[in-house]
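What the coordinates show
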Amino acid sequence: MTRFLDFWWGGLLTGAIAVAYPLVTGSMLGVSGVYDRLLKRLRYGGELADDARQRALLAETLAAFGPRAAAEAPEAPLAPAPAPCDPAARLFFLPGIVLGAALGALVWGRGEAWSLGAAFVARFGSELWRGAGALFAAGVLIGLGARMGGGCTSGHGISGVALGQRGSLVGTAVFWSTAVGIARLLDAVGR
Amino acid sequence: MTRQRWLHLGFGTAFGVTLCVTGAADFDAMQAMLHLRSAHLFGLGAVTTATAVAGLWLLRGRAVALATGCPVTRAPRPLHLGVVPGAVLFGIGWSISGSCPGTALAQVGQGHWIAGATVLGIAAGMAAHRVLNERLLRWRAPSCE
């Protein structure tokens, strides 16, 4: 893997982003939640319905019962989001990833448009419909699994594990071991 | 375009560059890891997690973000009914596509237009989860926030 940044430097860089992101913006690193936010926004439009409802409920609860009420609801944020916080700002993380990878490709070279490389062709052949169909089906499983499990490789695997969250520790162990097992199974079937 | 939006765009850009230069968005590198032929991405994950553990521990007392004034969100990720089946489905999809929600976008950015199929699939899977959960499962599954 010499064509990539050494894993020590790469890990330090990625870890630094996972720490700097909440320090600067207040949001933990996690990608699938932003997809979910985007889908909600496309579905409902304007202010996110869930966020607005949650904020209104929390404000009323705190007004009626005081700060202890928030402590008794461990899944609720400790305080309503202050007015200057832009609920749509997080959505800009997604085009940022595309832009960043495009900048990286200027240095590391552009990828093939209709393939993901030699291992991809070896697995799915060179027909576009087979490769794209497999990726779409795999994407459905990723989206379904990320929402069902409450996280993905960044939210569970980096932020959640780093914070010692039990759901993230179990989820990460399960999806890594499943992915390794499936890769070996696909190899065995393919032989 | 507000300052907060620029900040999120900037961090997304930095994350996209990182996914690209570390090999995390590379299908061949991912398959080499999943087939236990290369320790590169395992090492990357381990160093990333160790750095994040140390950094987030140092930030544990901070309630408000430096640049935005927004509260630092530490949404709990409890062990609930959906964690194991969700992680199994996620692991199958991850193994087949060699990508996750972030790296699929990075692959598109690198010029792999075919990875757009993964991105569309992820969106379809999330929409399917909404219907499935509302009508059948009714599990409380916090998002990746």
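Residues numbered from 1 in each chain as written. Chains lettered and ligands numbered in written order. Predicted model: local features only at pLDDT ≥ 70, side-chain atom pairs only at ≥ 80, totals over all residues. Heavy atoms only, no water.

**Some remarks on the overall build of chain A**
From N to C terminus, chain A includes nine helices and zero strands. Its helices and strands in sequence order give chain A the pattern α-α-α-α-α-α-α-α-α, from N to C terminus. When burial is assessed residue by residue, chain A has 46% of its 191 residues classed as buried. In chain A, of all internal contacts separated by at least 6 residues, the share reaching a separation of at least 24 is 46%. (Helix = DSSP H or I, 4+ residues; strand = E, 2+ residues; numbered from the N terminus. Buried < 20%, exposed > 50% of the residue type's maximum accessible area, 1.4 Å probe, protein only. Contact = heavy atoms within 4.5 Å.)

**Things to note about the packing of aromatic side chains**
Within the structure shown, the criterion is met by eleven aromatic pairs over all chains. A ring pair is formed by Phe7 of chain A and Trp8 of chain A, whose centres lie 5.5 Å apart and whose planes are at 25°; its orientation type is stacked. Phe7 of chain A sits in the partly exposed class, given a relative accessible area of 25%. With a centroid separation of 5.3 Å and an interplanar angle of 55°, the aromatic rings of Tyr21 of chain A and Phe11 of chain B are classed as tilted. (Phe/Tyr/Trp six-rings, centres within 6.5 Å; stacked < 30°, edge-to-face > 60°.)

**What to know about the state of the cysteines**
All names here are of chain B. A full pass over the atoms with the stated rule returns one disulfide over all chains. Between Cys20, a cysteine without a disulfide, and Cys100, which holds the nearest cysteine sulfur, the sulfur-to-sulfur distance is 14 Å. Take Cys20: its relative accessible area is 2%, and that puts it in the buried class. (Disulfide = S-S within 2.5 Å.)

**Some thoughts on the side chain of Thr25 of chain A**
As for its position among the elements, Thr25 of chain A is in helix α1 (residues 7-25). Within polar-contact distance, the side chain of Thr25 of chain A engages the backbone oxygen of Tyr21 of chain A at 2.7 Å. Non-local contacts of Thr25 of chain A, meaning those with residues more than four positions away in its chain, are made with Leu7, His8, Phe11, Ala65, Thr68 and Cys70 of chain B. (Polar contact = N/O pair within 3.5 Å; in protein donor to acceptor, adjacent residues only side chain to side chain.)

**Remarks on the packing of helix α7 (residues 128-149) of chain A against helix α6 (residues 116-137) of chain B**
One way to put it is that α7 of chain A packs onto α6 of chain B with a least axis distance of 6 Å and a crossing angle of 45°. Considering the angle they form, α7 of chain A stands oblique to α6 of chain B. In terms of crossing hand, the pair formed by α7 of chain A and α6 of chain B is right-handed. Between α7 of chain A, through Ala132, Leu135, Phe136, Gly139, Val140, Ile142, Gly143, Leu144, Ala146, Arg147 and Met148 of chain A, and α6 of chain B, the contact on the second element is made entirely by Ala117, Thr118, Leu120, Gly121, Ile122, Ala124, Gly125, Met126, Ala128, His129, Leu132 and Leu137 of chain B. Per-class residue counts for the contact of α7 of chain A with α6 of chain B are 16 nonpolar, six polar and one charged. (Axes fitted to C-alpha atoms, helices over the stretch in contact; angles between N-to-C directions. Parallel < 35°, antiparallel > 145°, perpendicular 65-115°, else oblique. Left-handed = near helix turned anticlockwise from the far one by under 90°. Nonpolar A, V, L, I, M, F, W, Y, C, P; charged D, E, K, R; others polar.)

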